[in-house]
Amino acid sequence: MASLEIGQMMSEYWSQPAASHKNKDNRISWRKPFNVALKWLRFVETFTPTFWTDKIQVLDKPNYSYNIVVINQNQTKYRYEHYFPHFYKVFIDHLKIDSDHRKVRINSTNALDNLYALHKEYSICVNTQIVDNCPMDDKMTLARNEIQSKKSKGEKIIKGLKLSLNSNRDKRLNMTVELSHDKATVKDYHAELEYIWKKIEEERKKLTETPTSASVNAIDPIINLIITMVFYFVNLMPVSGSGPEIAYSTMIGLFLGLGRETTGSLPKGRELFLEALIHPDPDKFRSLVRSWLTVKYSRSVHNLIATDSTRVTDMFSTYRHIMEALLYDVEEVCK
């Protein structure tokens, strides 16, 4: 429903004359479609409060971060095992390691041993009060991915995910993926998102007909820009929870706004948001997504987003209506 509401909203917006968008009150920013997805996710994930974390008043709080535990006390999570070689490479590249560690081929069976060996050799003492003989409990190995700026055509680098390794005396390893950005980095990501959104608007203005009626070649640049925008959103991760779900729902919704449906699926063991986090180049991420998902014109989608179609905002005009729909017992109907 989130994607459909976004699709209807953007179809109506993109079908308006470009002149009407000169009025600031009529403009839609990059944040608005994501905000629609966030609204719906708040009702689905009621046990986890979801809110924007990239606002200035939130950034003043010292402990804001988005964390994913990949290894916990030597216990790995299956859904992340495909990405161990990529995480290992982030450490190798960030620490500028040219030793035999770089030659190691990481897989799910040897990841723990090799990550621990890396941690043991390249860890630093995080307890500033300890001068000598720092115990393993107080040591940590840190690395950051670096993201290329689309706005500066790759000349500027933006901080990406942070990886941390730590262990105890029993050699029990922990690894965490963290997205924690300072104000300057957040501003960099905002600039990228605003730049991409502006490019989407520019491509829309080039169309000689409405997006839902435009040719494949005319729409293709907009589809590429939408995927690129999702790349920067994920690396910023400006929400407190359900960020990957919000990003994917918004991407599909924006495709719907163009009158396009999405088919295909991700290969087993792959995660769209992790692909965005491990790739420094947004173009490589975009190519990967397009190799997995097919975006094509659909008459049924066109009917769903047409101006005379039933609007999601009319059907679910209050939070109560949304909750009733989400809590409806479908199994009773299907019996």
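Above this text is the structure in question.
Residues numbered from 1 in each chain as written. Predicted model: local features only at pLDDT ≥ 70, side-chain atom pairs only at ≥ 80, totals over all residues. Heavy atoms only, no water.

Peer 1: Looking at this structure, I do not really get the overall build of the chain. What am I missing?
Peer 2: Across its full length, the chain carries 14 helices and eight strands. Relative to its length of 335 residues, the chain is compact, with a C-alpha radius of gyration of 22 Å against a globular reference of 20 Å. For the chain, buried positions account for 47% of its 335 residues. Within the chain, contacts between residues separated by at least 24 positions form 71% of all contacts whose residues are at least 6 apart in sequence. For the chain, the accessible surface area stands at approximately 17600 Å², while carbon and sulfur atoms represent 49% of it. Computing the positive centroid from 46 side-chain charges and the negative centroid from 40, the chain places the two 4 Å apart. (Helix = DSSP H or I, 4+ residues; strand = E, 2+ residues; numbered from the N terminus. Rg over C-alpha atoms; globule rule 2.2 N^0.38 Å. Buried < 20%, exposed > 50% of the residue type's maximum accessible area, 1.4 Å probe, protein only. Contact = heavy atoms within 4.5 Å. Areas by Shrake-Rupley, 256 points an atom, 1.4 Å probe, with all protein chains shown as cover. Lys, Arg positive; Asp, Glu negative; His and termini not counted. Charge placed at Lys NZ, Arg CZ, Asp CG, Glu CD.)

Peer 1: Explain the side chain of E5 to me, please; I cannot follow it from the model alone.
Peer 2: Within the element layout of this structure, E5 appears in helix α1 (residues 2–14). Once residues lying within four places of it in the same chain are set aside, the contact partners of E5 are V36, K39, W40, V312 and T313.

Peer 1: Sorry if this is basic, but what is going on with the pattern of salt bridges here?
Peer 2: Where charged atoms from two side chains of opposite charge approach closely, those side chains can pair. What the rule picks out here adds up to 19 salt bridges. Across the pair K103 and D100 runs a salt bridge, and its minimum N-O distance is 3.6 Å. The exposure class of D100 is exposed, given its relative accessible area of 56%. R286 serves as the salt-bridge partner of D283, at 3.2 Å between the closest nitrogen and oxygen. Taken together, the residues D283 and R286, both in helix α10 (residues 282–292) and three residues apart, mark about one turn of the helix. Residue classification places D283 among the partly exposed positions, given a relative accessible area of 26%. Residue classification places R286 among the partly exposed positions, given a relative accessible area of 22%. In the salt-bridge network here, residues are joined through shared partners; they are K89, D93, D98 and R102. (Salt bridge = Lys/Arg side-chain N within 4 Å of Asp/Glu carboxyl O.)

Peer 1: What's the story with the packing of aromatic side chains in this structure? I'm lost.
Peer 2: When we look at a pair of aromatic rings, we describe it by the centre distance and by the angle of the planes. Counting across every chain of the model gives eight aromatic pairs. Centroid distance F34 to F233: 4.1 Å. Interplanar angle 5 degrees. Geometry classified as stacked. Placement of F34 in helix α2 (residues 31–44) and of F233 in helix α7 (residues 216–236) is noted, with a sequence separation of 199 residues between them. Side by side, F34 and F233 carry an identical accessibility label, which is buried. Between W52 and F233, the ring centres sit 6.4 Å apart and the planes meet at 90 degrees, which makes this aromatic pair edge-to-face. In this pair, W52 sits in the loop between α2 and α3 (56–59) while F233 sits in helix α7, placing the two residues 181 residues apart along the sequence. Under the relative-accessibility criterion, W52 is labelled buried at 9%. Residue classification places F233 among the buried residues on the basis of a relative accessible area of 0%. In this structure an aromatic cluster arises from ring pairing among W30, F34, W52 and F233. (Phe/Tyr/Trp six-rings, centres within 6.5 Å; stacked < 30°, edge-to-face > 60°.)

Peer 1: How should the packing of α2 against helix α8 (residues 243–257) be read in this particular structure?
Peer 2: In a packed pair of helices, the relevant descriptors are the angle between the two axes and the axis-to-axis distance. For the pair α2 and α8, interaxial distance at closest approach is 9 Å and the crossing angle is 125 degrees. Between α2 and α8, the crossing angle belongs to the class labelled oblique. Seen from above, α2 lies across α8 with right-handed handedness. Contacts from P33, F34, A37, L38 and L41 of α2 reach α8 at E245, I246, A247, S249, T250 and L254. (Axes fitted to C-alpha atoms, helices over the stretch in contact; angles between N-to-C directions. Parallel < 35°, antiparallel > 145°, perpendicular 65-115°, else oblique. Left-handed = near helix turned anticlockwise from the far one by under 90°.)

Peer 1: Honestly, α10 in this entry has me stumped. Any pointers?
Peer 2: Along an α-helix, residues three or four apart share an orientation, since each turn contains 3.6 residues. Taken residue by residue, α10 has P282, F285, L288, V289 and W292 as its buried positions. On an axial view of α10, the arc spanned by its buried residues comes to 120 degrees, and they lie on one face. Those residues of α10 that are exposed and aimed more than 90 degrees away from the buried face are K284 and S291. Against the buried residues of α10 lie β4 (139–148), α7, β7 (260–264), α9 (272–278) and β8 (293–297). Its side-chain oxygen 3.0 Å from the backbone nitrogen of D283, D281 forms the N-cap of α10. (Arc of directions from axis to C-beta. Polar contact = N/O pair within 3.5 Å; in protein donor to acceptor, adjacent residues only side chain to side chain.)

Peer 1: In this structure, what is going on with the packing of α1 against α8? I would like to understand it.
Peer 2: Remark: α1 packs on α8, axes separated minimally by 7 Å, with the N-to-C direction vectors making an angle of 40 degrees. Compared by their axis directions, α1 and α8 come out oblique. Viewed along their axes, α1 and α8 form a crossing whose handedness is right-handed. For the pair α1 and α8, contact is made by S3, L4, I6, G7, M10, S11 and W14 and by S249, T250, I252, G253, L254, L256 and G257, respectively. Residue classes in the contact of α1 with α8 are distributed as seven nonpolar, seven polar and no charged. (Nonpolar A, V, L, I, M, F, W, Y, C, P; charged D, E, K, R; others polar.)

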